[in-house]
Amino acid sequence: MRFATAPADVLARLDALRAGDAPTHGGHVLSYVYDSGEPELDELAAAAIRTMQPVNGLDPTTFGSVAALERDLVAFTRTLLGGDDDVVGTVTSGGTESCLLAVKTARDAWLAARGLEPGAARPRLVAPVTVHAAFQKAAHYFGLALDLLPVGDDGAVAAGTVAERLGDDVALVVVSAPSYPHAALDPVVEVAAAASAAGIPVHVDACIGGMALPFWPGLPAWDLRVPGVTSLSVDLHKYGYAPKGVSVLLHRGRDRQRGQYFATTRWPGYPVVNPTLLGSRSGGPLAAAWAITHALGHDGFAELAGRSYRATAALVEAVRAIEGLRVVGDPTGPLLAVATDDTVAPERRVDPHVWADAVAGHGWVLQAQPSCAQPDGTVLPHTTHLTVTPVTERVLDALVPALVAAADDVRGTPRPDAGAVVAPLAAALSGGAGHGADAGTGAGPLDSATAGAVLGGLGLDPSRIGDDGPGVGPMAPLLAAVETLPAPVAERLLVELLARLVEPR
Ligand SMILES: *Cc1c(COP(=O)(O)O)cnc(C)c1O
């Protein structure tokens, strides 16, 4: 075989591209990546992927290894998360797929119980506003009405707020353990009691917390030990330290779980039986997660969670000691959100997004989160998110001084005036702004040419992104613009940005 490019040259090109990425190891990026700090685990995962590389997870009857690995992972997570023999599950491609399938399964059960076809009714999905965006996507994809509920200052929903919204048209209640934006643990016991009394299933989204909270001290019950919790999602590509592409969705009750499957014998090809959204799928991430889980065992996960716990406690303490910043609520799990401390004088305040940009200047990447208007009219402030991993404990001596120095750099500096950021775009946006779009789609309200021009006006040239290192530049102005623009416009602009990023140059 004569290759167009020698394999060694292809790999060299790949290495060069990777060199421009944000670092995945070493704890400098406090979101997206979950570094155990144990290189041996990464090597193990790579070897496991290589072994499984040619296998098609589509058919575990032909490739029995896939069934064996999946069975083991379901068993491990079920035991860890308090499930008994009545709890069954599947491995999915990630948290979003687990959440989508939890909603689809509940919707279909709700329809079947009423003898309705999909589309004949629009049941409600009840969840706090802090629930992961994957549930907005699920409601959008599967035709449910999203009923988002306000949370308190600590980021958790009150059980009474959920109880008030229960009714016969509710297909599923979702709570988080903990929530991604604020690390708030919702009151699972109380919500599940109210929902089960009304005959409504409850999903606990433990995508981020499921492999860490079992080792957190002093928590109320939040997992499958709680009566009334009917399903739970846990990502192994987060605190299971596996490469991306693996999550577990557990259901209480075989019959409930069977509704997750899609099966058809009504085409001229092979009989299709899929537990997940995908057809053909890689056995690689599954094998990697399996290998890591076996290598670590319960005690290994406990040790790594202990490192994350100590690092989180140290960061919470460090941020609380910084004048002008505050930690939102009382974070439960290895993550936290940081907001402005409004109790100090304006000139002593630190804006969390301006701070995050300054922290980036010191070599640490934090994640900016926009403010959010709640359904009751209150507003959740804009914050900066930190995901803490076992490796964080090792780098605290460098990270904490950077957080402090960055705050000193920008104390008293307000965030960019969003009006000023957005004003030059008014002409381009007039007419289309604020209507015509279904939230979540790229279908409106601007066309691609207008959206592209607006991005240029915001100083974002998708054809240049990545050329000067990772990221799109300072986050504070971008997030300020996102908050100020009508949501359908902001969403459309972000769609345009991401779409243009992969257009052939
Ligand atoms: C990460 C996360 C998800 C979605 O998971 P992906 O793996 O990114 O698809 C859902 N819920 C919570 C709470 C999460 O943290």
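Rules behind the numbers
- Residues numbered from 1 in each chain as written.
- Predicted model: local features only at pLDDT ≥ 70, side-chain atom pairs only at ≥ 80, totals over all residues.
- Heavy atoms only, no water.
- 1 Å grid on protein atoms, 1.4 Å probe; cavity = no way out; pocket = protein on both sides within 12 Å on 5 of 7 lines; lining within 4 Å.
- Points joined across faces, edges and corners; volume = space filled by probe spheres on them.
- Helix = DSSP H or I, 4+ residues; strand = E, 2+ residues; numbered from the N terminus.
- Pairing = 2+ DSSP bridges.
- Axes fitted to C-alpha atoms, helices over the stretch in contact; angles between N-to-C directions.
- Phe/Tyr/Trp six-rings, centres within 6.5 Å; stacked < 30°, edge-to-face > 60°.
- Buried < 20%, exposed > 50% of the residue type's maximum accessible area, 1.4 Å probe, protein only.
- UniProt positions renumbered as here; feature names shortened; annotations may be inferred.
- Contact = heavy atoms within 4.5 Å.
- Patch = residues over 30% accessible without salt bridge, like charges linked within 9 Å, V, L, I, M, F, W, Y side chains within 5 Å.
- Areas by Shrake-Rupley, 256 points an atom, 1.4 Å probe, with all protein chains shown as cover.
- Salt bridge = Lys/Arg side-chain N within 4 Å of Asp/Glu carboxyl O.
- Left-handed = near helix turned anticlockwise from the far one by under 90°.
- Nonpolar A, V, L, I, M, F, W, Y, C, P; charged D, E, K, R; others polar.
- Near = heavy atom within 4 Å.
- Polar contact = N/O pair within 3.5 Å; in protein donor to acceptor, adjacent residues only side chain to side chain.
- Core = buried A, V, L, I, M, F, W, Y, C linked by side-chain atoms within 4.5 Å.
- Domains from an automatic or database assignment.
- Right-handed = clockwise from strand over helix to strand, strands pointing away.

**Student:** Help me understand the layout of surface pockets, please; the structure alone is not making it clear to me.
**Tutor:** To find the voids left in a structure, one rolls a probe of water-molecule size over its atoms. Looking at the second largest pocket, its volume works out to about 520 Å³. What lines the second largest pocket is a set of 27 residues, and nearest its centre among them are P60, E70, Y261, P275 and R281. Secondary structure elements with two or more residues in the lining of the second largest pocket: α3 (64–80), β1 (87–92), α8 (254–258) and β9 (272–274). If one sorts the elements of the lining of the second largest pocket by residue count, α3 sits on top with 6 residues.

**Student:** How do you make sense of the sheet that holds strand β15 (residues 383–387) when you look at a structure like this?
**Tutor:** Pairing between sheet strands relies on hydrogen bonds along the backbone, with the strands arranged either parallel or antiparallel. Pairing is antiparallel across the open sheet formed by 4 strands, whose spatial order is β10-β11-β15-β12. Every interior strand has two partners, whereas the edge strands, β10 (325–327) and β12 (367–369), have only one. Adjacent strand axes in the sheet meet at a mean angle of 30°, parallel and antiparallel pairs treated alike.

**Student:** Can you walk me through the packing of aromatic side chains in this structure?
**Tutor:** A ring pair, where both rings are aromatic, is described by two values, the distance of the centres and the angle of the planes. Applying the stated rule across the entire model yields 7 aromatic pairs. Ring centres of Y34 and Y239 lie 5.1 Å apart, and the angle between their planes is 80°; this geometry places the pair in the edge-to-face category. You can see Y34 sitting in the loop between α1 (7–19) and α2 (39–52) and its partner Y239 sitting in the loop between β6 (229–235) and β7 (247–252), a full 205 residues away along the chain. The buried category is assigned to Y239, whose relative accessible area is 1%. When the ring of Y141 is compared with that of F142, the centres are 6.4 Å apart and the planes differ by 85°; the resulting orientation is edge-to-face. F142 gets classed as buried once you look at its relative accessible area, which sits at 14%.

**Student:** It is not clear to me how the UniProt feature "modified residue: N6-(pyridoxal phosphate)lysine" (unreviewed entry) in the protein chain should be interpreted in this structure. Could you clarify?
**Tutor:** As recorded in UniProt, the feature "modified residue: N6-(pyridoxal phosphate)lysine" (unreviewed entry) lies at K238. Secondary-structure assignment places K238 in the loop between β6 and β7. With residues near it in sequence (within four places) discarded, K238 still touches Y34, C207 and I208.

**Student:** What is the right way to read the sheet that holds β7 from this model?
**Tutor:** The mixed open sheet is built from 7 strands, whose spatial order is β1-β7-β6-β5-β4-β2-β3. Of all the strands in the sheet, the pair left with one neighbour each is β1 and β3 (145–149). Each strand axis lies, on average, 20° off the axis of its neighbour in the sheet, ignoring direction. As defined by bridge partners, strand β2 (residues 124–128) adjoins strand β4 (residues 170–176) across 3 bridges and the pair is classed as parallel. Its bridge partner lying in β4, V126 is registered against V173. Along the sheet, helix α5 (residues 134–142) contacts β2, β3, β4 and β5 (202–205); its crossing angle with β3, the most-contacted strand, is approximately 155°.

**Student:** Teacher, can you tell me more about a nonpolar patch on the surface here?
**Tutor:** Residues L498, L501 and V502 make up a contiguous nonpolar surface patch of roughly 290 Å² in combined accessible area. Structurally, L501 can be placed in helix α16 (residues 487–501).

**Student:** Explanation requested: the packing of α3 against helix α9 (residues 284–320) in the structure shown.
**Tutor:** In helix packing, the relevant descriptors are the interaxial angle and the interaxial distance, both defined with respect to the helix axes. Where α3 meets α9, the axes come as close as 10 Å, and the angle between the chain directions of the two elements is 30°. Crossing handedness for the pair α3 and α9: left-handed. Seen from α3, the contacting residues are V66, L69, E70, D72, L73, F76 and L80; seen from α9, they are L286, A287, A289, W290, T293, H294, G297, H298 and F301. Each residue belonging to the contact of α3 with α9 can be placed in one class, and the counts come to 10 nonpolar, 4 polar and 2 charged.

**Student:** Looking at this structure, I do not really get the site of the ligand. What am I missing?
**Tutor:** Taken together, G94, G95, T96, H132, Y180, D205, C207, I208, D235, H237 and K238 are the residues near the ligand. A distance of 2.5 Å separates an oxygen atom of the ligand from a polar atom in the side chain of T96. When the ligand is considered free in solution it has 380 Å² of accessible area, and contact with the protein chains removes 85% of it. Considered class by class, the residues forming the shell around the ligand number 3 nonpolar, 5 polar and 3 charged.

**Student:** Just to check I follow, could you spell out the nonpolar core for this structure?
**Tutor:** The biggest cluster of nonpolar side chains holds 67 residues, and the ones touching the most others in it are L81, V162, V173, V204, W222 and L232. Sort the elements by how many residues they give to this core and α9 lands first, with 10 residues. Residue assignment places this core across two domains, with domain 1 (47–292) and domain 2 (298–410) each supplying three or more. In contact with W222, other than residues within four places in its own chain, are L81, A177, L185, V188, V204, A206, G209, G210, L213, P214 and L232.

**Student:** Even after reading the chapter, I still don't get the side chain of Q260, so can you show me in this structure?
**Tutor:** Summarising the element assignment, Q260 is placed in the loop between α8 and β8 (262–264). We classify Q260 as buried; its relative accessible area is 2%. Polar contacts involving the side chain of Q260 include one to the side chain of T90, which spans 2.7 Å. Discounting chain neighbours no more than four positions away, the residues touching Q260 are T90, L101, K104, T105, L249, H251, N274 and P275.

**Student:** In this structure, what is going on with the pairing of β3? I would like to understand it.
**Tutor:** Remark: a regular strand shows side chains that alternate across the two faces of the sheet. In terms of strand pairing, β2 meets β3 through 5 bridges, oriented parallel. Each residue of the ladder has a partner; that of A127, found in β3, is L148. Following the backbone out of β2, through α5 and into the adjacent parallel β3, one traces a crossover that is right-handed.

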